[in-house]
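Analysis of the macromolecular model
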Amino acid sequence: DPQQLEQATSGMRRLRRFIVIDEVVDKLYGSKVRRYFEENNVQHKILALPTTEETKSMGLVLNILQEVQNFSIDRRTEPIIAIGGGVCLDIVGLAASLYRRRTPYIRVPTTLLSYVDASVGAKNGVNFLQCKNKLGGYTPPVASFLDRSFIQSIPRRHISNGLGEILKMALMKHKGLFDLLRSHGKYLLDTKFQSYNGSAGHGDAALQTTRIAIETMLEELAPNLWEDDLDRLVDFGHLISPELEMRVLPSLMHGEAVNIDMAFMTYVAYARGLITADEKEQIIQCMRGLELPVWHSGCSWPLIQAALRERLRHSGGQPRMPLPTGLGTAEIFNDTSEETLEVAYKLWVRD
């Protein structure tokens, strides 16, 4: 904002920012963040918090809002900044949307999963009554700042976790992205999505992969930002996984639970004759190459039945089941029989 910039540089009014940062990120990057605000003469308050699925609650939202009130921000010109993974971005987004009915906020994702998923779109929320994201809303950030250098400090399992959401977009919409993941998956894991000169044979796979994943996600979300249309390809991997993830906390990360769901749904697509045995095998092998789990003992047949019943309750009485119809193509189905699901489940468990 030119007016804000003029005020800041003329000394008429000192810029002020309230920042919520995940406590792990704070240990790694907190000193750099503080130095940035100090060097730019920005009055700031940095609140470091444990932001995990277990702490993702209205209690934490209210803690943030108490601190925001104490700091006293201008609800139109002083955005709240969230620096962390998807849980942090979700919690802060909900807090900002509630404060004075709507306070602008900025997302700075620090994990691969949040970089390609939570940074895009309008949703925010917290867990409630052991249900994932049961409370929340649709308030998009005023900006998302994407910096892949954050990703170099996260563990390899977290990189794999983010690859689960990237693979989701590849299977639903983009064969080229699927081919990139098959060809460069191990390289991306090894290099933690950093771009290096002289990476012979790989090009800038990290930039290509993240860019395509985000662009395809935006293509899906932008026309349907408030989910007026419940037929959503981005729900692939999200029919069984919410129930599974909450049931086995903290043993599975979000992208891992999503991938287990996608693996099962790949078998459903195969059982329906939508994909060939070879395509099914290519998908499962790609998942293994990305070091993602393709099965979990907690994903029992009763859990799948319960999860699909919950899906019907919140999807207008239809399952709205996204399934691959090839590599990089998909459709939404409402007519998958219980018998087909059970056949797919038995094949999946057998393999």
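Each chain has its residues counted from 1, following the order in which its sequence is written. Given that this is a predicted model, residues contribute local features only at a pLDDT of at least 70 and side-chain atom pairs are listed and counted only at 80 or more, while totals for whole chains, interfaces and linings are drawn from all residues. Heavy atoms from the whole structure form the basis of all side-chain values; hydrogens and water molecules are not counted.

The chain carries the name ARO1 protein in an unreviewed UniProt entry, which gives Alectura lathami as its organism. UniProt positions are given in the numbering used here, feature names are shortened, and annotations may be inferred rather than shown by experiment. What UniProt states about the chain under its Cofactor (unreviewed entry) heading is, verbatim, "NAD(+)".

Further remarks concern the overall build of the chain. Comment: elements are numbered from the N terminus, with helices defined as DSSP H or I runs of at least four residues and strands as E runs of at least two. Regarding its fold elements, the chain presents 13 helices and nine strands. Computation of the radius of gyration draws on C-alpha atoms, with the globule rule given as 2.2 Å multiplied by the number of residues to the power 0.38. Whereas a compact globule of 351 residues would reach a radius of gyration of roughly 20 Å, the chain reaches 21 Å, a difference of no more than 12%. Expressed as lengths along the three principal axes of its C-alpha atoms, the size of the chain is roughly 70 × 50 × 35 Å. Burial status follows relative accessibility: with a 1.4 Å probe on protein chains alone, a residue under 20% of its type maximum counts as buried, one over 50% as exposed, and anything between as partly exposed. When the 351 residues of the chain are sorted by exposure, 53% land in the buried category. Considering only intrachain contacts with a sequence separation of at least 6, the fraction spanning at least 24 residues in the chain is 75%. Here the chain displays about 16,000 Å² of accessible surface, and carbon together with sulfur accounts for 51% of that area. Should any heavy atoms of two residues lie within 4.5 Å, those residues are counted as being in contact. Surface accessibility follows the Shrake-Rupley procedure with a 1.4 Å probe radius. Residue values consider only the protein chains on display as shielding.

In an α-helix, one full turn covers 3.6 residues, which means residues spaced three or four apart are oriented alike. When the terminal C-alpha atoms of helix α3 (residues 58-71) are compared, their 20 Å separation across 14 residues agrees well with the 20 Å that a helix rising 1.5 Å per residue should span. Within α3 the residues assigned to the buried category are L60, V61, I64, L65, V68 and F71. End-on view of α3: buried residues confined to an arc of 140°, all on one side of the axis. For α3, the exposed residues set more than 90 degrees away from the buried face come down to L62 and N70. Of the surrounding secondary structure, the elements contacted by the buried residues of α3 are β1 (16-22), β2 (43-49), β3 (80-84), α4 (86-98) and β5 (123-128). Looking at the residues trailing α3, positive phi occurs at S72, about 65°. Any helix carries an expected span of 1.5 Å times its number of residues minus one. Taken from the helix axis, the directions to the C-beta atoms give the arc we talk about.

Per the UniProt record, the feature "domain: 3-dehydroquinate synthase N-terminal" (unreviewed entry) sits at residues 48-160. Across residues 48-160 one finds 35% helix and 25% strand; the C-alpha atoms that close the span lie 26 Å apart.

With that settled, the discussion passes to the packing of aromatic side chains. Planes of paired rings set the category: under 30 degrees apart is stacked, over 60 is edge-to-face and the rest tilted, where pairs are Phe, Tyr or Trp rings (Trp by its six-membered ring) whose centres lie within 6.5 Å. In this structure the tally under the stated criterion is seven aromatic pairs. Measuring from ring centre to ring centre gives 4.9 Å for Y29 and F150, while their planes differ by 80°; the resulting arrangement is edge-to-face. With Y29 in helix α2 (residues 23-39) and F150 in the loop between β7 (143-144) and α6 (156-173), this pair connects stretches of sequence that are 121 residues apart. Looking at F150, the relative accessible area reads 12%, which means it is buried. Note on F264 and Y345: the rings are 6.3 Å apart at their centroids and 75° apart in plane angle, and the pair reads as edge-to-face. With F264 in helix α10 (residues 254-271) and Y345 in helix α13 (residues 338-350), this residue pair connects regions lying 81 residues apart in the sequence.

So, about the packing of α6 against helix α8 (residues 205-221). For the pair α6 and α8, the least separation of the axes is 9 Å and the interaxial angle reads 65°. Crossing angle aside, the handedness with which α6 passes α8 is left-handed. Contacts between α6 and α8 involve I166, K168, M169 and K173 on the former and, on the latter, T209, A213, T216, M217, E219 and E220. Of the residues assigned to the contact of α6 with α8, the class counts are four nonpolar, two polar and four charged. Between N-to-C directions, angles span 0 to 180 degrees; the directions come from axes that are lines fitted to C-alpha atoms, helices contributing only their stretch in contact. Handedness of a crossing follows from how the near helix is turned relative to the far one, being left-handed for an anticlockwise turn of less than a right angle and right-handed for a clockwise one. Residue polarity follows a fixed list, in which Ala, Val, Leu, Ile, Met, Phe, Trp, Tyr, Cys and Pro are nonpolar, Asp, Glu, Lys and Arg are charged, and the others, Gly among them, are polar.

What follows covers the domain arrangement of the chain. Domain extents, as shown, originate in an automatic or database domain assignment. Parsing the chain into structural domains produces domain 1 (11-152) and domain 2 (155-224 + 232-350). Averaged C-alpha coordinates put domain 1 and domain 2 at centres separated by 27 Å. In this complex, domain 1 contributes 20 residues to the contact, which on the side of domain 2 involves 29 residues. Of the roughly 2,000 Å² buried at the junction of domain 1 and domain 2 (both faces included), carbon and sulfur atoms supply 67%. Salt bridge, as applied in this entry: a Lys or Arg side-chain nitrogen positioned within 4 Å of an Asp or Glu carboxyl oxygen. On inspection of domain 1 and its partner domain 2, the count reaches two salt bridges. For the purposes of these results, a polar contact is taken to be a pair of N or O atoms within 3.5 Å, where, inside protein, one atom must be able to donate a hydrogen and its partner to accept one; residues adjacent in sequence count only when each atom of the pair is a side-chain atom. Applying the counting criterion to the domain 1 and domain 2 interface returns five residue pairs in polar contact (both at pLDDT 80 or more). A 1.4 Å probe defines the accessible area here, and the buried area is the portion of it lost by two parts on being joined, summed over both.

A contiguous patch of positive charge on the surface is contributed by R76, R100, R101 and R102. For R101, a relative accessible area of 77% puts it in the exposed group. Patches in this entry comprise residues that are over 30% relatively accessible and not in a salt bridge; like charges within 9 Å are linked, as are nonpolar side chains (Val, Leu, Ile, Met, Phe, Trp, Tyr) within 5 Å. When charges are tallied, Lys and Arg are placed among the positive residues and Asp and Glu among the negative ones, while His and the ends of the chain are skipped. The atom standing in for a charge is NZ when the residue is Lys, CZ when it is Arg, CG when it is Asp and CD when it is Glu.

Attention now moves to the side chain of D90. As for its position among the elements, D90 is in helix α4. Within the local environment of D90, its side chain forms a polar contact with the side chain of K56, the two groups lying 2.8 Å apart. Among all residues touching D90, those that are not within four sequence positions of it are K56, K123, N124, G125 and N133.

This part is about the pairing of strand β8 (residues 321-324). Covered by surrounding structure in β8 are M321 and L323 together with P322 and P324, the residues of both alternating faces. Relative to strand β9 (residues 330-333), β8 runs antiparallel, the two being bridged by four bridges. Its bridge partner lying in β9, M321 is registered against F333. Hairpin geometry of β8 and β9 is characterised by an intervening segment of five residues between the two adjacent antiparallel strands and by a positive phi of about 95° at G328. Between any two strands, at least two bridges found by DSSP are needed for them to pair.

This next bit is on the sheet that holds β3. Strand order across the open sheet formed by five strands is β2-β1-β3-β4-β7, with parallel pairing between neighbours. On the outer flanks of this sheet lie β2 and β7, each paired with one strand and no other. Pairing analysis gives two bridges linking strand β4 (residues 105-109) to β7, with the strands arranged parallel. Across the sheet, residue R107 finds its bridge partner in β7, namely S144. On the sheet, α3 packs against β1, β2 and β3 and is oriented at approximately 165° with respect to β2.

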